[in-house]
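Given next are the chains, with one letter for each unit.
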Amino acid sequence: MTQDIFELPGPEANSIVGSLLDFGRDPLGFLTKCAREYGEIIPIRLGLTPACILTNPDYIEQVLKDRSLFVKSRSLHALKTLLGEGLLTSEGDSWFRQRRLIQPIFHQKRIASYGDIMVAYTEQMLDTWQDGETRDVHRDMMRLTLNIVMKTIFNRDLSEGQAQDVAHALDVTLDWFESKRQQNFIFVEWFPRPENIRYRNAIKQMDKTIYEMINQRRASGENPGDLLSMLMVAKDEEDGSQMSDRQLRDEIATLMLAGHETTSNTLTGAWILLSRYPQVRSQLLAELQQVLGGRSPTIADIPNLRYTDMVIKETMRVFPPVYNMARKASQDCEIGGYQVPQDCTIIMSQWVMHRNPRYFEDPEVFKPERWADDLEKKLPRGVYFPFGNGPRICIGKSFALMEAVLLLATIAQKFELNLVPDHQIVPQASITLRPATGVKVTLKQTTPLTTQGVI
Ligand code: HEM
């Protein structure tokens, strides 16, 4: 007979709200403590919802692979008010059809042409940076990745009115989600509170702008090679159907949201860690000097920027932009031989797994070289999964990795970023893991390089 997970040891919980408040107050601390003190499946209760935390990679892999038995959970459903039936939030046949339509667009070869846009926008940003000044690099990275996403999706610059409308709506919605998360999603969005009204108005404005852009594109018949055009012409290989305007809107909103904050948090994390580990920074610079010698990187350089890639991998281990994922059991089932009831929320945390000393020696230490010799392939699946795994793995993984490597290489060649000593960096585990009050750095222009070497 299999054992019920609720007979296993877990944290003490309030009789009414369970662990909801502890989890909501400090998600990272709560998850870490549970993983340290209990077993491989930890039963908890979140309000009335039964839940469990998985810390065994095989169990995580089992859940991520089976999209029919384990569906997206309640917290993600809150995102539906913004993203509708886009890839991140949809399920079942409608998700499958959309994934089949969109997958080819994110193929490495198709997104390669965006490499030049990424580098050009980064260089534009660097033209405004001054030696010796202090900046909030988190703000800069958010703006830069948003700019890149706007250009690659709509072929629009953030300085243009329409792009600004959409960017503003995204800002409002991210704030709204953070306030809902702090209230444990107890208040529904139609309740006439000021932040709810602001949120609904922001979505209305965003929808109006996205539909306008779709209509303009249809009327002009242009195809500038951006994601909007690719989504508009994508045809289902089985039935030849195309996306409706509503589907286009949902996918565009999804790509904008999923496609910029995560990458910007990765880069901000890298700047924090490079400033704390100067010897890693020196090694990174040595590689950039050897491979690029002062010129701008292109996608052809990426295979040679191996240490840069390891810096990004290690940053996503230490600061996983998505620190936690959840699924819901669609029926009674078994995980690792334990009984899990229908509707149980299943929590799998990158933050916890990426810092597990069983798989990573000195897990708190930033050590990019640990990724040499194909560590990623040698690790059991379910240990390192910054992009998720299984059929619902991040569709933008190649896009994000290409962007992170190119942006890091472009910026690190020109500036050294040093953390301002008295500025506290407070991690905020919101939808993504990000710094709550920005990251202040002082800029130091690096010695210019030439293709022949150091001047
Ligand atoms: C460092 C950057 C990124 C990280 C860490 C990241 C992480 C993730 C993770 C963990 C998931 C799986 C969520 C789940 O299964 O519940 C996911 C899904 C997704 N991501 Fe990303 N992502 C990144 C960048 C991007 C970019 C650049 C795009 C698009 C341009 C994107 C678009 C998506 C979409 C559409 C999904 C839903 C896929 C599906 O369910 O079929 N992401 N991402």
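Residues numbered from 1 in each chain as written. Predicted model: local features only at pLDDT ≥ 70, side-chain atom pairs only at ≥ 80, totals over all residues. Heavy atoms only, no water.

A. Expanded view of the packing of aromatic side chains. Scanning the model with the defined rule gives nine aromatic pairs in all. Ring geometry for Trp176 and Tyr199: centres 3.8 Å apart, planes at 5°, overall stacked. Of the two residues, Trp176 sits in helix H10 (residues 161-182) while Tyr199 sits in helix H11 (residues 194-220), which places them 23 residues apart along the sequence. Residue Trp176 is classed as buried on the basis of its relative accessible area, which comes to 4%. Overall, the relative accessible area of 1% leaves Tyr199 in the buried class. Clustering of aromatic rings is evident, with ring pairs tying together Phe106, Tyr114 and Phe399. (Phe/Tyr/Trp six-rings, centres within 6.5 Å; stacked < 30°, edge-to-face > 60°. Helix = DSSP H or I, 4+ residues; strand = E, 2+ residues; numbered from the N terminus. Buried < 20%, exposed > 50% of the residue type's maximum accessible area, 1.4 Å probe, protein only.)

B. Structural context of the site of the ligand. Inspection of the region around the ligand gives 27 residues, with Trp95, Arg99, Arg327, Arg392 and Cys394 positioned closest. Between an oxygen atom of the ligand and a main-chain N or O atom of Leu87, the distance comes to 3.3 Å. If you list the elements that add at least two residues to the shell around the ligand, you get helix H6 (92-102), helix H13 (245-276), strand E6 (325-329) and helix H18 (397-414). Top contributing element to the shell around the ligand by residue count: H13, with seven residues. (Near = heavy atom within 4 Å. Polar contact = N/O pair within 3.5 Å; in protein donor to acceptor, adjacent residues only side chain to side chain.)

C. Quick peek at the pattern of salt bridges. This structure, assessed with the given rule, holds 28 salt bridges. Note that Glu261 is salt-bridged to Arg434, the shortest N-O span being 3.4 Å. Note that Glu261 is positioned in helix H13 and Arg434 in strand E12 (residues 433-435), a separation of 173 residues in sequence. A salt bridge links Arg370 to Glu314; the shortest N-O distance between them is 3.0 Å. With Arg370 in the loop between helix H16 (350-353) and helix H17 (375-378) and Glu314 in helix H15 (residues 306-318), this pair connects stretches of sequence that are 56 residues apart. Accessibility expressed as a relative area gives 13% for Arg370, which makes it buried. Relative accessible area serves as the criterion here: at 0%, Glu314 is assigned to the buried category. (Salt bridge = Lys/Arg side-chain N within 4 Å of Asp/Glu carboxyl O.)

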